[in-house]
Amino acid sequence: MILFRTLKVLRIPLLFVLLLTIILSGCTSNLSNKTKEDKILTVSWPKDIGPLNPHQYTPNEFFAQGTYYEPLIDYGPNGKLIPKLAESWNVSEDGKVYTFHLRKNVKFTDGSNFDASVVQKNFQTILANRDLHSWLGLISEINKTEVVDAHTFKVTLKNRYYPALQEFAVVRPLRFLGSAGFSDDGNTAKGIKKPITTGPWVLSEYKKNEKAVFTRNENYWGTKPKIKKLIVKVIPDGEARVLALQKGDIDLIFGEGVISLDSFVALKDSGKFKTAVSDPLASRALIVNTSKGPFADLDVRIALQHAVNKKALVDGVTNGIEKQADSIISKNFPYANVNLKPYDYNLEKAKALLDKAGWKLPAGKTIREKNGKPLEIELVYMGSDQIEKPMSAAIQSDLKQIGVSLKTTGLEREIRNKRMETADFDLLFWNSYGAPYDPHSFISTNFAPGYGIFESQQGIPMKNELHQQMKDVLLTDNETDRQKLYTSIFTTLHNQASYLPISYLTNIAVYPDYVKGWGFPAHRDETPFAIIDVQK
Amino acid sequence: MKLFVYVWKRLAMMVPVILGTTFVAFLLLRLTPVDPARAYLSVSNIIPTEETINLVRHQLGLDQPFWLQYVHWLWQLCHLNFGISFISKIPVSQELVVRLPVTATLAVLSLIIAILVSIPLGIASALHKNKFIDHCCRLLAFLGASLPQFLLAYLLIYFVSVKFDLFPLQGTETWQHFVLPSITLALGLIATYSRLLRNGLLESLEEPFVLYAKARGLGTVALMGRHVLRHAIRPVVTAAGMNLGKLFAGTVIVEQIFAMPGIGGYFLEAVYHRDYPVIQSFVLIMAIVFVLGNLIADVVQAYLDPRLTQQGTRKQVE
């Protein structure tokens, strides 16, 4: 009787549950997005690929531009330059004229020829928007471009600029759009008509903010990709990306910071997926402001180097996925293999250096003082960064052990950038540009005012000589002089402790067994989709 | 007729409210510490020197007086032009046309689910006050109110999508793609609405008209359906009206997790980059949705209780 009465009362909720069950039963697994087909690779990316304009920035994604378009020269392991759309090149004796011998029989995806005139057309629109690309040294240095013949193209620089060849390999803006893709006025800054490429993929389907489908370019001039189709799904959330991989909706997680490092370890430990970590691609460091405050004193800067337990930071915060850094640029970068004695983690040394600098620990107090002023410093980091925040907390704890009070300030990106540009910090979390931009782009940001790094180095006694060497190294014409200058620059920065290198950033990859032939590109913004296979 | 006049009056009142909101938003945006010209340069990898900042400020129209910028923006709006994004250089309306329907579908579906589930739960709880069913509903309400949306979303994805493969995980391709995100958004509302309704019903059941109705021999279903529910559901209607706007504005986490290209993610990006045209458009849309949500709730209230549209209601009733 009681049961009957309960059922009577519950008839409306029960009806609803029944309705829901009917709906659920209609949802069979054929609605699942599981990737079942052979030779199709489904990956995810946090953002939409953008309009695939090879010469523009946001909302164009590096990842998509790097996958889709090709450069004249490619960047290989250890900075080796590899012919791509240019099969060879010559540099004039004065280092100002670069002559590229273009690959023959290369066609764009619309069937048109890749030749010197289309290269010229691309350079014209890039140079018409020089200001937009002024961050890239090469663009500012180009004086003129010339079509010598159908397959020979010449670029003349205003001054000698040794990193030019390396910069021809960057993802944007120096990649090539087919003529029919240009807008009517030829200015790609205002947009493109169609993404026409010489590359291994053709954009065959696109749903903005949801997915992009790339089909293998059957007329590709080089080695054709092993997979027939590449599907890029937009999944903004890292954890959701992990769940999509576990469900089988995507076949690969690849990139820098695309999932939390905890998730990476969990996927690795699950035994269901293969995982890989790349060689160092860029540096994570603290910029030490030598121009003011306690860090104007070299002893305090060196004390900092000895006080931070980098191994604990790398192991604890990044689960060992990032590599510990003892020099500001990793040794696998060109000219960066310099022998520098690392600062060891040694709290006693750090304390002794602070004592020497006059920062004494008064009896009964925990913070050192000098002339009655406590040793308080500020570390600025990007508030939303999942690595910088815990690392800041760990550094705070490290410095407390030597009697230094560290205030950690997490800021929103634009405010952090403003603080950096005005050198309004004691310590600031910073990443280098990475391959293929370093070490020369790193050098440029050090001697050029405006970024905040030059400003933060004003406390280095030999700053003028250092910045002159940085300018000179870009103009060198032989390897010996260049290496000599780089060695001197890296040694001065190391000895002056104007950076605290913490770790080297790496790319990660997680994929099931059926993804074959995995390999990381040496270039930070390139993708390996053209070389891998899917055998389900 | 009275309802019609009431709606017209309320619609007319929308104009100053929306104008006021957009003006305050316009003003506040310009008081924030970061210059959008600087943010634009930073995104474009251009060193922000005084020259480049001034150039970009001029290009973006930020060098004009504040009032002129506001009037210009209003004039553009009159032509249904929401402006062009500072960062992507794509007209804001182009993005809104694609993104707004996703968020709207999600918000409305969540509201419908919440109401459809809350009504039977509220009734069952009220009819079985402090009994097993009421305790179960209370537990559900407690869970719904205390579970953070992101955690619920991950739990639903893990169990319903990954483990049992009942619904797709991410995207907007079919109606099934909207089920899990809508449930995620609805659960918190169900917690509130079912408890509001339960309390409303319990209070109404004590009213003299219930006694008269029972004396007239009305059965439980007729009594609840025709009299008590109509009276008790009013707080739920008010809450739903308020929540419509909140749902539009608060879908960002759910949109991100379920990879749905709604307006939440677009607005978040715009805030990071100080993309004024996008932020202003978002504020405008939110103002309209909030005001409309409240208007709809008030109209439904007026329909449920016609005394609300009359002047001096209390006196007449007394």
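Residues numbered from 1 in each chain as written. Chains lettered and ligands numbered in written order. Predicted model: local features only at pLDDT ≥ 70, side-chain atom pairs only at ≥ 80, totals over all residues. Heavy atoms only, no water.

Moving on, we come to the domain arrangement of chain A. Residues and elements named next belong to chain A. Taken as a whole, chain A is organised into domain 1 (40–61 + 200–278 + 507–536), domain 2 (70–190) and domain 3 (282–505). Measuring from the centre of the C-alpha atoms in domain 1 to the corresponding centre in domain 3 gives 34 Å. With 13 residues of domain 1 at the interface, the matching set in domain 3 holds 15 residues. Contact between domain 1 and domain 3 buries roughly 950 Å² in total, counting both sides, with carbon and sulfur atoms accounting for 60%. The tally of links between domain 1 and domain 3 comes to zero salt bridges. There are six residue pairs in polar contact (both at pLDDT 80 or more) connecting domain 1 and domain 3. If one sorts the elements of the side of domain 1 that touches domain 3 by residue count, helix H8 (residues 261–270) sits on top with four residues. (Domains from an automatic or database assignment. Contact = heavy atoms within 4.5 Å. Buried area = accessible area lost by both parts, 1.4 Å probe. Salt bridge = Lys/Arg side-chain N within 4 Å of Asp/Glu carboxyl O. Polar contact = N/O pair within 3.5 Å; in protein donor to acceptor, adjacent residues only side chain to side chain. Helix = DSSP H or I, 4+ residues; strand = E, 2+ residues; numbered from the N terminus.)

Quick look at the interface of chain B and chain A now. Listed as interface residues are 51 residues of chain B and, on the opposing side, 50 residues of chain A. Both faces considered, chain B and chain A share a buried interface measuring about 4400 Å² in area, 61% of it formed by carbon and sulfur atoms. Counting across the chain B and chain A interface gives five salt bridges. Between Glu-269 of chain B and Lys-47 of chain A there is a salt bridge whose closest N-O contact spans 3.5 Å. Counting across the interface, chain B meets chain A through 12 residue pairs in polar contact (both at pLDDT 80 or more). Listed by contribution, the elements that provide at least two residues to the side of chain B that touches chain A are helix H2 (36–43), helix H5 (92–127), helix H7 (149–163), helix H12 (252–257) and helix H13 (263–273) of chain B. It is H5 of chain B that contributes the most residues to the side of chain B that touches chain A, seven residues altogether. Along the lines of polarity and charge, the residues of the side of chain B that touches chain A split into 31 nonpolar, 13 polar and seven charged. (Nonpolar A, V, L, I, M, F, W, Y, C, P; charged D, E, K, R; others polar.)

All right, on to a nonpolar patch on the surface then. Residues and elements named next belong to chain B. Residues Phe-4, Val-5, Trp-8, Leu-11, Leu-292, Ile-296 and Val-300 make up a contiguous nonpolar surface patch of roughly 610 Å² in combined accessible area. At the level of secondary structure, the elements contributing two or more residues to the nonpolar patch comprise helix H1 (2–31) and helix H14 (276–304). The element that contributes the greatest number of residues to the nonpolar patch is H1, accounting for four residues. Along the polypeptide, Phe-4 turns up in helix H1. (Patch = residues over 30% accessible without salt bridge, like charges linked within 9 Å, V, L, I, M, F, W, Y side chains within 5 Å. Areas by Shrake-Rupley, 256 points an atom, 1.4 Å probe, with all protein chains shown as cover.)

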